[in-house]
Amino acid sequence: MKIRAVRGMNDILPEEARSWHRVEASFRGVAELFGFGEVRTPIIEDTALFSKQIGETSDVVEKEMYSFRRHDNELTVRPEGTAGAARAYVEHAMWGKESVSRWYYIGAMFRGERPAKGRYRQFHQAGCELYGDAGPVADAEMIELCVRVLASLSITDIKVHLNSLGSGSAHDGEANVGTRARYKAALLDYLQPRSLELSEDSQRRLEKNPLRILDSKDPRDQAIAAGAPSILDVLSSEDSEHFDGVQRSLTALGIPFVVDPRLVRGLDYYTRTLFEIKAEGADLGSQSTVCGGGRYDNMVESLGGPKTPAIGFAMGLERLLIAHRAATTATNDTSFKPVVYIASLKPEAGDPAAGLDVALSLARELRDRGVRCDIDSRDAKLKAMLRRADASKARLCVIVGDEEIATNQLTVKDLANKAQEKLPRAEAAQWIAARLATPPGSSAEEAK
Ligand code: HAM
């Protein structure tokens, strides 16, 4: 049986990789504009890091992690970047080196979700994490950063969804007397009488983490969640003040948003601000969330560091690419393909490698001048080689045949207008480089 790529995991072939480079470069450019520096953390971490931070009752931890045991360690291929970055932040005691750290990352993440357009098992995220700034302006600036990345990719048909989960976190349990505990109590009051109408997953999660039910994809849960009390009604005055500050800063930045009190997101570590950005025009269906993030003010401390506020987000690169293509009708980029196609014909008589020697030395001279070229030395007739040259989308085809070898010349054919020239071998590389500096389709005379 043929071995194929694992379901939900995709090859990115060279023509497509060019679009990836463009998206990644846009992201890096904007992240660096906001003072973020790149961090690269391992793809594999201790399973406990994710189960503790993302939350035992989250879908990611319960159902989707690629976990395995090796050398007596329980390990997991990262499903996201935030926990690993915070682990590194603590491991390197970054708070002792700088009061605020701004990190970004780009890389592959792994979740065993059901594959669909825009949802994969290996996918890629570009994300930012900011440690050490508790103020609401930081939250708004993170959203501004995302909006700028999207705009740089012409993704402007977007909607920013905003909510606050208040302080405390889902892990804090009964010890937490903040907003979260009050909301949990209100939610339980609402959900318990309806528990039998909930999905099996939600019935199981009811006591431990009722917030998860608001994020459920099951239609039975969604119908009940629609009538649930709003967390915004129980925010503490500090949490409210923070949330007002975020909204005020967004307005000052000219970024429209909608407050969505049902937004909880699928990861348990969030505190206070939460946001998601949806690309409306990209035909992504339920996968239209191109970006998600929020504050997680307890994570650094729960990993053994000092209490350190933090906020971050991640964008799904596959979804960005789909939205970018929908917004720009961008096609695959072939600009890395050769512009000169050297057709090296097998000599009818004499030294069988004579043509190849010429082709190789010409290719070397062209590459020295920065000209991308390919040699075709497969045993074929001129007609077949010219067909392949056309298909390669090169601009010029250099023919090295018996006559060219005998006269120490080369034939150069313009593949657009089919004009053909004979050139002395010694001048060929320079002539070709000059010719390529003129716009395609211009007459051969101009290059001289
Ligand atoms: P997340 O919402 O799980 O958040 O993922 C962020 C983004 O990654 C999503 O909005 C989506 O664009 C993309 N994404 C997630 N899962 C998939 C998938 N299976 N296939 C394709 N794309 C996907 C996080 O991961 C948090 N770490 C974000 C964060 C950073 N929060 C604070 N800092």
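Calculation criteria
- Per chain, the residues get numbers from 1 upward, laid out in the order the sequence is written.
- Reporting of local features is limited, given that this is a predicted model, to residues whose pLDDT is at least 70; pairs of side-chain atoms are given and counted only at 80 or more, and all residues count toward the totals for whole chains, interfaces and linings.
- The basis for every side-chain value is the complete set of non-hydrogen atoms in the structure, without hydrogens or water.
- Note: domain ranges come from an automatic or database domain assignment.
- Helix numbers and strand numbers start at the N terminus; a helix is a DSSP run of H or I with at least 4 residues, a strand a run of E with at least 2.
- Burial status follows relative accessibility: with a 1.4 Å probe on protein chains alone, a residue under 20% of its type maximum counts as buried, one over 50% as exposed, and anything between as partly exposed.
- In the analysis that follows, any N or O atom pair within 3.5 Å is treated as a polar contact, provided that within protein one partner can donate a hydrogen and the other can accept it, and provided that, for residues neighboring in sequence, both atoms belong to side chains.
- The contact rule is simple, with two residues in contact once any of their heavy atoms fall within 4.5 Å.
- In this analysis, strands are considered paired if DSSP registers two or more bridges between them.
- Working definition: residue near molecule or strand if any one of its non-hydrogen atoms lies within 4 Å of it.
- Accessibility throughout is a Shrake-Rupley quantity obtained with a 1.4 Å probe, and a residue counts as covered only by protein chains that appear here.
- Residues are grouped as follows: Ala, Val, Leu, Ile, Met, Phe, Trp, Tyr, Cys and Pro are nonpolar; Asp, Glu, Lys and Arg are charged; every other residue, Gly included, is polar.

1. Section: the domain arrangement of the protein
For the protein, the domain assignment lists domain 1 (14-167 + 236-327) and domain 2 (340-447). Here the C-alpha centroids of domain 1 and domain 2 sit 50 Å apart.

2. So, the side chain of H124
Along the polypeptide, H124 turns up in strand β6 (residues 122-131). The exposure class assigned to H124 is buried, which follows from its relative accessible area of 16%. Looking at H124, its side chain comes within polar contact range of the side chain of E318, at 2.7 Å. Residues contacting H124, with those up to four places away along its chain left out, are I12, W20, G107, A108, M315, G316, L317 and E318.

3. So, the pairing of strand β14 (residues 396-400)
Counting buried positions over the 5 residues of β14 gives 5, a clear majority of the element. Both strand β12 (residues 340-344) and β14 contribute to a ladder of 5 bridges, which runs parallel. For A343, the partnering residue across the bridge sits in β14 and is I399. Of the pairings in the sheet, the one linking β14 to strand β15 (residues 409-414) comprises 4 bridges and is antiparallel in character. Paired with I399 across the strands is T411, a residue of β15.

4. Re the site of the ligand
Residues in close proximity to the ligand total 26 residues, the closest being E80, T82, E113, E129 and Y270. The contact in question runs from a nitrogen atom of the ligand to an N or O atom on the side chain of Y269, over 3.0 Å. At 3.2 Å, a backbone N or O of G316 approaches an oxygen atom of the ligand. In isolation the ligand offers 660 Å² of accessible surface; the protein chains occlude 95% of this area. It is strand β10 (residues 289-295) that provides the largest number of residues to the shell around the ligand, a total of 6 residues. Taken together, the residues that form the shell around the ligand break down as 10 nonpolar, 9 polar and 7 charged.

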